[in-house]
Amino acid sequence: MGSDEKEIIQLAWQVVDLVDKKAGALNEVLVKPRQVELSDECKRETGFEEELLSAAESLEQVLNQNIVLPECFYSFFDLRKEFKKKFPESADLKDLDVQLMANYLNIKADVPTCGFASLKVWNMANIILALISEPICHKFSHPERVNEKFETGTCSKVERVDDNTVIRARGLPWQSSDQDIARFFRGLNIAKGGAALCLNAQGRRNGEALVRFVSEEHRDLALQRHKHHMGNRYIEVYKATGEDFLKIAGGTSSEVAHFLSKENQVIIRMRGLPFNATADDVLLFFTPACPVTGGKEGILFVKYPDGRPTGDAFVLFSCDEHAQNALKKHKEILGKRYIELFKSTVAEVQQVLNRYTSAPLIPVAPAPIIPVIPQPAFVPPAGVRDCVRLRGLPYTATIEDILEFLGEFTVDIRPHGVHMVLNQQGRPSGDSFIQMKSAERAFLTAQKCHKKTMKERYVEVFQCSAEEMNIVLMGGTLNRNGLSPPPCKLRRLSPPAYTFPPPAAVIAPEAATLYQPQVLLAPRPLQPSAAFYPASTQLFMNYTAYYPSPPGSPNSLNYFPSAAGGPALATQPGALVRMHGLAYNGGVKEILNIFQGYQVGLMPSLHGKYL
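Values in this document were obtained by computation on a predicted structure and should not be read as measured data. (Residues numbered from 1 in each chain as written. Predicted model: local features only at pLDDT ≥ 70, side-chain atom pairs only at ≥ 80, totals over all residues. Heavy atoms only, no water.)

Let us now look at the pairing of strand β22 (residues 428-436). With seven of its nine residues buried, β22 lies for the most part within the structure. As defined by bridge partners, strand β21 (residues 413-422) adjoins β22 across six bridges and the pair is classed as antiparallel. If you follow Met 420 over to β22, its bridge partner there is Ser 432. (Buried < 20%, exposed > 50% of the residue type's maximum accessible area, 1.4 Å probe, protein only. Helix = DSSP H or I, 4+ residues; strand = E, 2+ residues; numbered from the N terminus. Pairing = 2+ DSSP bridges.)

Following this line, the structure appears as structure tokens:
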């Protein structure tokens, strides 16, 4: 049973003829629950005993024998809303119930056998008759309708989505689809294209979905399905925001919009395609048992921003039969690779395309990193507690979420003073450090923001010093037992016995303006107070596999600031260039051809020769 579910023990109904203004007979039937034990409150309200219900039929049998509803009953009127239209001065809509409306219209109960459910139904029928009769003469028009089928569709990132219409469902089976979500919320109207399954960092479903409803009322009813079951799993339902929904389901690509413009199509995702695969290869892979809708127009290849293929593609099929035939080709061979096939959704297409075509949040610097000009110390002198530590952040939290969380104290943050702490896999650890303008503001921030909630999680906020922040950012730990320095065995930290030469500039400051900001990243000296490393040690980090987190917010990683209109590049003897992505069968000749026209210095190669 869900959190709002209770077993039915009685059904009662009555038909009202709106034309002749007459009410039919009052019908009622008992229903045998799965657990016949009744609470004292139930016995008191209904007057039923366990023996009476034990002799009744089950709910399924009662519905099949007594109630056959025609198609028109997918439309309905909310009696409270109709009553409120005629009597706006009455109680608030959420407070209105049958008894209040009956009392307002002076309707007295005169049913001979007035049971618990039959009294409510009889009152509702008489309220309807009173509304359609003189002097009120109300007309029931514009009925509400329950959508029988979920409609797929696209959503633009610039579209406005009301925060009060979105929920987050958690605990979904990994193989569930948007249609399964629509069936779970059956009876509630989901907006067109309003069911979006979430993907994890590896592009696989993580058991969560964001669902957008047509109104706040339907959203509130959806929240009552918290811990209802989908198969053998219970589903958790929470509030979410329109921004959350747009991050998952929103898109801006016109190519994707054109691909998804064919509605009511079944989408299949292909993964593991050869990089040289073409649309003709995909068509040949599926035909003739499962023809692709629109031929080549029904295939969408996923590519990187530079146009290189990712090995993923989405394919449209006109019906479930063709899609099921296509899924039977799971792990069949195309070229020299086996292909994985999965049933997909519109939101998944948007997420995958957004992930591959958008720029990364943290710019990736090439390795090795060349020191340019010594930068000022990253942190202020130790001993001043002008920083705060945020612990327990949601793993999906961004810097924008942190700024919103801090509220009025955002103005007291130092420039580029938000530092996310990442774990050994380069993923958010749930911690963050904030550099404030003064120790007083850091103290007030910790006092006011401690245990405030962010995305339904409370976040702990502590005042700390720059030294503590620096140690954690370098890989150390900070807990109740005090500070622990980062272990020297980490391969991305300089060994304690090794000292780098003084950081001389290998590129003139005037020439640095010719390079992209990503290329030029200054080394970061350790603070003198960190006794576990020599003070002169320079720390170089490769941000393609960073751990711990980069000591700077994503919008500034100590990049050399470029100025407009820089002069020509000066000659720099002895400069090195590292090349990524070389062909495995490439040799010295191919490399020299790439640098044809440039002067290449002599240096020993891997084979003992000079290049």
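Moving on, we come to the sheet that holds strand β24 (residues 457-464). Strand pairing within a sheet occurs via backbone hydrogen bonds; the two strands may be parallel or antiparallel. Here five strands make up an open sheet; going across it, the order is β21-β22-β20-β24-β23 and the pairing antiparallel. Each end of this open sheet is capped by a strand with a single partner; those strands are β21 and β23 (452-454). Going from strand to strand, the sheet's axes swing by 30 degrees on average, the running direction of each strand aside. Against the sheet, helix α14 (residues 399-406) makes contact with β20 (387-391), β21, β22, β23 and β24, and its axis sits at roughly 120 degrees relative to β21, the strand it touches most. (Axes fitted to C-alpha atoms, helices over the stretch in contact; angles between N-to-C directions. Contact = heavy atoms within 4.5 Å.)

Time to look at a nonpolar patch on the surface. A grouping of Ile 8, Leu 59 and Leu 63 is seen on the molecular surface, where their side chains present a nonpolar patch of about 210 Å² in accessible area. Examined against the element boundaries, Ile 8 turns out to sit in the segment before β1 (10-13). (Patch = residues over 30% accessible without salt bridge, like charges linked within 9 Å, V, L, I, M, F, W, Y side chains within 5 Å. Areas by Shrake-Rupley, 256 points an atom, 1.4 Å probe, with all protein chains shown as cover. Salt bridge = Lys/Arg side-chain N within 4 Å of Asp/Glu carboxyl O.)

We now examine helix α12 (residues 320-327). Think of an α-helix as 3.6 residues a turn; residues three or four steps apart then line up on the same face. Burial in α12 covers these residues: His 322, Ala 323 and Ala 326. One face of α12 carries all of its buried residues, which in axial projection span an arc of 100 degrees. (Arc of directions from axis to C-beta.)

Glancing now at helix α9 (residues 242-249). Counting buried positions along α9 gives six out of eight residues, so the element sits mostly inside the fold. All of the buried residues in α9 are Gly 242, Asp 244, Phe 245, Leu 246, Ile 248 and Ala 249.

Let's shift gears to the pattern of salt bridges. Inspection of every chain in the model, using the stated rule, returns 27 salt bridges. The partner of Lys 85 in a salt bridge is Glu 82, with the nearest N and O atoms 3.4 Å apart. Here Lys 85 pairs with Glu 82, and both are found in helix α4 (residues 79-86), just three residues apart, close to one helical turn. For Arg 145, the salt bridge is made with Glu 148, and the minimal N-O distance between the two is 3.0 Å.

All right, on to the packing of aromatic side chains then. Per the stated rule, a full pass over the model turns up eight aromatic pairs. Seen in terms of ring centroids, Phe 77 and Phe 140 are 5.4 Å apart; in terms of plane orientation they differ by 75 degrees. Their pairing is edge-to-face. Placement of Phe 77 in the loop between β5 (75-76) and α4 and of Phe 140 in the loop between α6 (116-132) and β6 (144-145) is noted, with a sequence separation of 63 residues between them. In this structure Phe 77 comes out as partly exposed when scored by relative accessible area, which is 34%. Plain terms: the ring middles of Phe 83 and Phe 87 are 4.9 Å apart, the flat faces sit at 40 degrees to each other, and that makes the pair tilted. For the pair Phe 83 and Phe 87, one class covers both residues: buried. (Phe/Tyr/Trp six-rings, centres within 6.5 Å; stacked < 30°, edge-to-face > 60°.)

Here the amide bond leading from Glu 134 into Pro 135 is cis, since omega sits at 5 degrees, within 30 degrees of zero. The residue Pro 135 is located in the loop between α6 and β6 in this model. In this model, Thr 287 is joined to Pro 288 through a cis peptide bond whose omega is 0 degrees. Mapped onto the secondary structure, Pro 288 falls in the loop between α11 (279-286) and β15 (299-303). The phi angle at Lys 455 is positive, at roughly 55 degrees, despite the residue not being glycine. Turning to its location among the elements, Lys 455 is positioned in the loop between β23 and β24. Accessibility expressed as a relative area gives 35% for Lys 455, which makes it partly exposed.

Moving on: the nonpolar core. Within the largest apolar cluster, 21 residues are counted, with the highest numbers of intra-cluster contacts made by Met 270, Phe 286, Val 315 and Phe 317. Of all elements in the fold, only β14 (266-271), α11, β16 (309-317) and α12 reach the threshold of two or more residues within this core. Element by element, the count of residues in this core is highest for α11, at five residues. For Phe 286, the contacting residues outside a window of four places in its chain are Met 270, Val 292, Val 315, Phe 317, Ala 326, Lys 329 and Leu 341. (Core = buried A, V, L, I, M, F, W, Y, C linked by side-chain atoms within 4.5 Å.)

Attention now moves to the side chain of Asp 178. Within the secondary structure, Asp 178 is located in helix α7 (residues 178-184). Here Asp 178 sits buried without a salt bridge, and the closest side chain of opposite charge, Lys 343, lies 7.3 Å off (N-O distance). (Lys, Arg positive; Asp, Glu negative; His and termini not counted.)

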